[in-house]
Amino acid sequence: STAQQQLSNAGLQADVTEKESAAAPGTVLRQDPAPGTLLHKGDTVKLTVAKARPQVPDVSTTHPTLDDATNTLTQAGYKVRTRDQAVTDPTQDGTVLRQFPPPGTPRSTGATVTLVVGRASATPTPTPTPTATPTPTPTGTPTP
């Protein structure tokens, strides 16, 4: 707002575009034309101003299923990667156990969020062991 006011006081127009940044919101990141350029009254100066990065939503508790968590994150503008983790509790199969970065972390739109998903290993069905069939033993003497 200070930059816009200074431009207005000089008889110039401001065209402001916001960009996600780690800089404090409202900080001028770029200016075009560059400072010191000779301009005429009424000319426009393009300003790129920092805006806060959105915070990663908490999908591991609010959307415990992988599909729900993925939908929430992609709608928020994030890419999703998954990593499986073996679990012994069958109720955790297919659920989001945790996420990286943690919920509430400021992260640029388009960044990747990794979801750790529980995967219960199937209990193997025992394979029957084949038993040998006894071979009949000849009795008596062979007949010619």
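Refer to the structure printed above.
This is a predicted model, so every value here is computed, not measured. (Residues numbered from 1 in each chain as written. Predicted model: local features only at pLDDT ≥ 70, side-chain atom pairs only at ≥ 80, totals over all residues. Heavy atoms only, no water.)

## Things to note about the sheet that holds strand β4 (residues 79-87)
The sheet built from 3 strands is open, its strands ordered β4-β6-β5 with mixed pairing. Edge positions in the sheet fall to β4 and β5 (96-100), since each has one partner strand and no second. Direction aside, neighbouring strands of the sheet carry axes that sit 25° apart on average. Here β5 pairs with strand β6 (residues 112-120) via 4 bridges, running antiparallel. By the bridge assignment for β6, Gln99 is matched with Leu115. (Pairing = 2+ DSSP bridges. Helix = DSSP H or I, 4+ residues; strand = E, 2+ residues; numbered from the N terminus. Axes fitted to C-alpha atoms, helices over the stretch in contact; angles between N-to-C directions.)

## With respect to the pairing of strand β3 (residues 44-51)
Sheet topology note: the strand β1 (residues 13-20)/β3 ladder contains 8 bridges and is parallel. Within β3, the position partnered with Lys19 by the bridge is Ala50. Bridge count between strand β2 (residues 28-32) and β3: 4 bridges; the pairing is antiparallel. Note that in β3 the partner of Val28 across the bridge is Val49.

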